[in-house]
Structure formats: structure tokens, C-alpha cells
Amino acid sequence: MTRLMGLDVGDKTIGIAVSDELGWTAQGVETIKRQSKEKDLARIQELVAHYQVGAFVVGLPKNMNGTIGPRAEMCQAFGKLLEERTSLPVHMWDERLTTMAAERMLISADVSRQKRKTVIDKMAATLILQGFLDAKSR
């Protein structure tokens, strides 16, 4: 089993998480501040090499009725670009409400608003990846 990398792709940031070698747990790694596709992909490729990642799980923010909107289309396009650049498989994972769940977890842990801003996307990526891992293990 190789590690998986979970991504929460947004307009301004990309949250990154990786699995352990056994594919049981997801850990947040970092939040990339978006600069350009080339710089974003270069950083992701550095992390892929460092963690020896074998596949991606990209969050797909579907609408509540299950349809694909503009944000989900952007995530699908990013996933396709990742697949082309890295030759690694990309799994799209329904991530409805993960950012809201991450926010609630941080608030309940009494994390300050300023600190929440810096970790919310990394935590959302962790929840996306953990959801995928849990579903796969069933």
C-alpha cells in the first residue's frame, strides 16, 4: 500500500493531508497559498516525492442536491491536471460540508479565529482523506 494525498482545492488555498503507509489514518500536512498552477503543482510534486504518495483524493464540493456546480468543475479540472502532470491516479471524493465540519471541530476545541484561518483547509483535506480511507476499508 502506498500513501494517499488528500487535497481540499480552493480558489486561494489548497489544503494537503497524507495517509499513513497502511492507509488507516489521515494527517494534515500544510496549506498551500495559491500562486499559479505551475507553482502550486511544483509544491504538490515536492510533497508527493517526500511522502512517496501513490494516488490523490481530491475533494469534490457537490451541491447539496448532488449536482456539479462551478466549484466542483474547477476541482475536477485540477484533478485532471494532477493526473496528467504526475501520472498518478486521482480519486474524486464528495466533500460536502467538510469545511463546515472542520470549522465546528476547531471552534469546539476553542481555537482562535485567526488560527482557524491558517489550519481550516488542512483540516478539511484531512477529513476528505479520512472519509475516503474509511469508506475503502469497509
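None of the values given here were measured: they were computed from a predicted structure.

1. Focus on the overall build of the chain
Alright, step 1. When helices and strands are tallied, the chain shows 4 helices and 5 strands.
Alright, step 2. The order of helices and strands in the chain, counted from the N terminus, is β-β-β-α-β-α-β-α-α.
Alright, step 3. Radius of gyration (C-alpha) of the chain: 14 Å, near the 14 Å computed for a compact globule of 138 residues.
Alright, step 4. In terms of principal-axis extent, the alpha carbons of the chain reach across some 40 × 35 × 30 Å.
Alright, step 5. With 138 residues in all, the chain has 43% of them scored as buried.
Alright, step 6. Residue pairs at least 24 apart in sequence account for 62% of intrachain contacts in the chain once pairs closer than 6 positions are excluded.

2. Thoughts on the nonpolar core
Alright, step 1. One finds Met 5, Leu 7, Ile 44, Phe 56 and Leu 82 to be the most contacted residues of the largest nonpolar core, which totals 20 residues.
Alright, step 2. Those elements giving two or more residues to this core turn out to be strand E1 (3–9), strand E2 (13–19), helix H1 (37–51), strand E4 (53–60) and helix H2 (70–86).
Alright, step 3. Not counting the four nearest positions on each side in its chain, Met 5 is found in contact with Ile 16, Ala 17, Val 18, Ile 44, Leu 47, Val 48, Val 53, Ala 55, Phe 56, Val 57 and Leu 129.
Alright, step 4. Judged by nonpolar contacts, the second largest core, of 10 residues, contains Ala 55, Ala 125, Leu 129 and Leu 133.

3. Notes on H2
Alright, step 1. Between its terminal C-alpha atoms H2 stretches 24 Å, which fits the 24 Å expected from 17 residues at 1.5 Å a residue.
Alright, step 2. Next to the buried residues of H2 lie E1, E2, H1, E4 and strand E5 (90–94).
Alright, step 3. Just downstream of H2 lies Ser 87, where phi reads positive at about 60 degrees.

4. Quick word on the pattern of salt bridges
Close approach of charged atoms allows side chains with opposite charge to pair.
Alright, step 1. Per the stated rule, a full pass over the model turns up 5 salt bridges.
Alright, step 2. As a salt-bridge pair, Asp 40 and Arg 34 come within 2.7 Å of each other at their nearest N and O atoms.
Alright, step 3. By relative accessible area, which is 22% here, Arg 34 ends up partly exposed.
Alright, step 4. A salt bridge links Arg 43 to Glu 46, with the nearest nitrogen and oxygen atoms 2.7 Å apart. In this pair, Arg 43 and Glu 46 both sit in helix H1, 3 residues apart, roughly one turn of the helix.
Alright, step 5. Look at Glu 46 and you get partly exposed, because its relative accessible area is 46%.

5. Here's the deal with the pairing of E1
Alright, step 1. With 7 of 7 residues buried, E1 lies mostly within the body of the structure.
Alright, step 2. Both faces of E1 are covered, namely the face carrying Arg 3, Met 5, Leu 7 and Val 9 and the face carrying Leu 4, Gly 6 and Asp 8.
Alright, step 3. As defined by bridge partners, E1 adjoins E4 across 5 bridges and the pair is classed as parallel. Looking across to E4, one finds that Leu 7 is bridged to Val 58.

6. Side note on the sheet that holds E2
By way of backbone hydrogen bonds, the strands of a sheet pair with one another, either parallel or antiparallel.
Alright, step 1. Taken in spatial order, the 5 strands make up an open sheet running E3-E2-E1-E4-E5, and their pairing is mixed. Strands with a single pairing partner mark the edges of an open sheet, and in this sheet they are strand E3 (26–33) and E5. Across this sheet, the average inter-strand angle for adjacent strands is 25 degrees, counted without regard to direction.
Alright, step 2. Where E4 lies against E5, 5 bridges are found, and the strand directions are parallel. Each residue of the ladder has a partner; that of Val 58, found in E5, is Met 92.
Alright, step 3. The strands touched by H2 within the sheet are E1, E2, E4 and E5, with E4 carrying the most contacts at an inclination of about 170 degrees.

Reading the values: the criteria
Residues numbered from 1 in each chain as written. Predicted model: local features only at pLDDT ≥ 70, side-chain atom pairs only at ≥ 80, totals over all residues. Heavy atoms only, no water. Helix = DSSP H or I, 4+ residues; strand = E, 2+ residues; numbered from the N terminus. Rg over C-alpha atoms; globule rule 2.2 N^0.38 Å. Buried < 20%, exposed > 50% of the residue type's maximum accessible area, 1.4 Å probe, protein only. Contact = heavy atoms within 4.5 Å. Core = buried A, V, L, I, M, F, W, Y, C linked by side-chain atoms within 4.5 Å. Expected span 1.5 Å × (residues − 1). Salt bridge = Lys/Arg side-chain N within 4 Å of Asp/Glu carboxyl O. Pairing = 2+ DSSP bridges. Axes fitted to C-alpha atoms, helices over the stretch in contact; angles between N-to-C directions.

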